[in-house]
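Spelled out, the chains give:
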Amino acid sequence: MSHSKVGIVGYGVYIPRERIETAKIVREREKKRGKELEKVLEKVRHGLLLREKAVAGHTEDTMTIATEAAENAIRMAGISPGEIGSVTAGSESKPYAVGTIARHVASFVGVGENVFIADLEGACNSGMQGVSFIDAEIRSGRIKYGLAIGSDVAQAERGDPLEYSAGAGAGAFVLGKSDLIASIEDIAPYSSLFMDFWRREESAVPKHFGRTTVEAYKSHIIGAIANLFRKHPDLSLSDFDWITFHQPSGYLPMKTCNALTQDEIPYVGDSSIAQRMRLTEQDIEKKIKPWLRVLDTGNTYAASTMISLASLFDKAKPGDQVLAVSYGSGAYSNATWFEVQDGIEEKRGRTPTVMDYVQRKSEIRIDTYHDLIRERLSRIKRRLEIPRMVGEIDPVNGSYFSLSLCKGCNRIYYPARETCLASDCQGPMEKKRFPRFARLKNVSKLPFKKRWTSNFELLEKNKVLFVDADLSDLKPGVRLEGVIRRLDYEGKDGLILYGIAYRPVFREAVAVVSKPKPIAVAPTQYA
């Protein structure tokens, strides 16, 4: 198939700092097994290929982790956020059942109002599904640039085997036609009504048919590849330099790879296509295993393929042929064929790599893990109550975030608003500015007797919240960067309130690479 060049202009990821070894969860959940426990651990480590997983912190949710991934992607693209004409967000862990991740992220990163937005379902395939939708919008000429996001804080019932892999993370791709990192050569889908996994309305966690997912996953990954090859009679797996599949565990990609080494490829009736789909053991070792990021992050659901693909792009060279096959239960796969372009060399170093995020970690104890998932699944708390480090900062440049504090109802609005959303609230509204980069003046832990102090009260007094750090990391004078975090929520059915928190500078590239010139007037979003 002949296409004009459309592809990835910039990419970014986010992986939470908190991690827990899978073995710690297994030991806690399976402790009644006695002597059989070591066999279970062995199966998890070497059978399922699970090592550790990322866990979203108290101030993190699907929107905040999507925001940092999107910021990184835009930074790498080197464009103004106002040039983006469409934003999609794929997730199965939406903070709002009604209310979009895509619009929140668009506002948080500075995308204007003249923009198409959509939250996508399709389970773990929804991030890459967004890539295909935006690819089509750009080819149609409707938009110039688009942003596709996959973001999840994966849910699992306590004690369900799914809990061992359910991680958290986000990936984001900016698509366009110029200065490409990788062109999209073609995309082929495969879907069926294969309900191996689902979550009913009002249910906090999903249900599944266990091993049924093995058949669903294999048949759809292989089906999507077969459909791509049906469109391209001269294409074979041996033509690809790198290959990555969706990673619910390490086991399922490797199980599928094994199926593709067999004399008879399952689920493929056309022998000419099957012949071109065959892998060798050497292919698996060289082309696929290096990108098994599930070992470091757990299953990040809609972000899984995007994170592994970003990890691959971190190492790829111009001219490399790349195949990424996503999967979502229900069931749906996309096989996406990329060719790496020269632009990748110039744009490296603008944002942290996947491995930078993997290595930025803090191991947590099992009781801390329990606290995090208990808070996340709770539906009855009136406010967000967490241990907090607070303090004061000094700005280091002239770049600021703006937010509003409504003194009538004690709500935080980010981005800033002129009036409260509640029409019967007369305010007043106070606009506050907080620096994007700062130096620490002082810090302390909020005393237990002041645990009811809200983040609204802290911001009102020009105090700020510190995240992603231990007290020992926060010395006077340390350089800080502002990040968007969840600061409160109003019970089980009120608003979620987002705002600014600070951490020691991690995205050094963002601090030193000059920003693209802002556009003076919001232009049309159409190409």
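Residues numbered from 1 in each chain as written. Predicted model: local features only at pLDDT ≥ 70, side-chain atom pairs only at ≥ 80, totals over all residues. Heavy atoms only, no water.

Enquirer: How should the side chain of aspartate 152 be read in this particular structure?
Expert: If you trace the backbone, aspartate 152 turns up in strand S6 (residues 145-153). Of note is the side chain of aspartate 152, whose polar atom sits 3.0 Å from the side chain of serine 91. Among all residues touching aspartate 152, those that are not within four sequence positions of it are Thr62, Ile65, Ser91, Glu92, Ser93, Gly167, Ala168, Gly169, Thr300, Tyr301 and Ala302. (Helix = DSSP H or I, 4+ residues; strand = E, 2+ residues; numbered from the N terminus. Polar contact = N/O pair within 3.5 Å; in protein donor to acceptor, adjacent residues only side chain to side chain. Contact = heavy atoms within 4.5 Å.)

Enquirer: Can you help me understand the nonpolar core in this one?
Expert: Core analysis: the largest hydrophobic core is formed by 102 residues, its most contacted members being Phe313 and Phe338. In terms of residues, this core owes the most to one element, helix H3 (residues 62-77), which gives 9 residues. Apart from residues no more than four positions distant in its own chain, phenylalanine 338 is found in contact with Ile8, Met128, Ala182, Ser183, Ile184, Glu185, Leu309, Phe313, Asp320, Gln321, Val322 and Ala324. Phe194, Ile222, Leu235 and Trp337 belong to the second largest nonpolar core, which has 38 residues in total. (Core = buried A, V, L, I, M, F, W, Y, C linked by side-chain atoms within 4.5 Å. Buried < 20%, exposed > 50% of the residue type's maximum accessible area, 1.4 Å probe, protein only.)

Enquirer: Would you mind going over helix H7 (residues 251-259) with me for this structure?
Expert: Quick reminder: α-helices carry 3.6 residues per turn. Residues three or four places apart thus point the same way. Residues Leu252, Pro253, Met254, Thr256, Cys257 and Ala259 constitute the buried set of H7. Tucked into the core, H7 has its buried residues touching helix H6 (212-231), strand S11 (242-245) and helix H9 (281-288).

Enquirer: I keep staring at the environment of aspartate 367 and nothing clicks. Help me out?
Expert: Within the secondary structure, aspartate 367 is located in helix H14 (residues 366-377). Classification of aspartate 367 as partly exposed rests on a relative accessible area of 38%. Separated by 3.2 Å, the side chains of aspartate 367 and arginine 365 make a polar contact.

Enquirer: I would appreciate a short explanation of the sheet that holds strand S18 (residues 429-435) in the present structure.
Expert: What links the strands of a sheet is backbone hydrogen bonding, and the strands pair in either a parallel or an antiparallel sense. One open sheet accounts for 3 strands, arranged S17-S16-S18; its pairing is antiparallel. Each end of this open sheet is capped by a strand with a single partner; those strands are strand S17 (411-413) and S18. Each adjacent strand pair in this sheet contributes to an overall mean axis angle of 30 degrees, direction not counted. (Pairing = 2+ DSSP bridges. Axes fitted to C-alpha atoms, helices over the stretch in contact; angles between N-to-C directions.)

Enquirer: Sorry if this is basic, but what is going on with the packing of H6 against H7 here?
Expert: When two helices pack together, their arrangement is given by the angle between the helix axes and the distance between those axes. Where H6 meets H7, the closest approach of the two axes is 10 Å, and the angle between their N-to-C directions is 55 degrees. Taken together, H6 and H7 sit at an angle that is classed as oblique. Between H6 and H7 the crossing geometry is right-handed. Touching Thr213, Val214, Tyr217, Lys218, Ile221 and Ile222 of H6 are Tyr251, Leu252, Pro253, Lys255, Thr256 and Ala259, all from H7. (Parallel < 35°, antiparallel > 145°, perpendicular 65-115°, else oblique. Left-handed = near helix turned anticlockwise from the far one by under 90°.)

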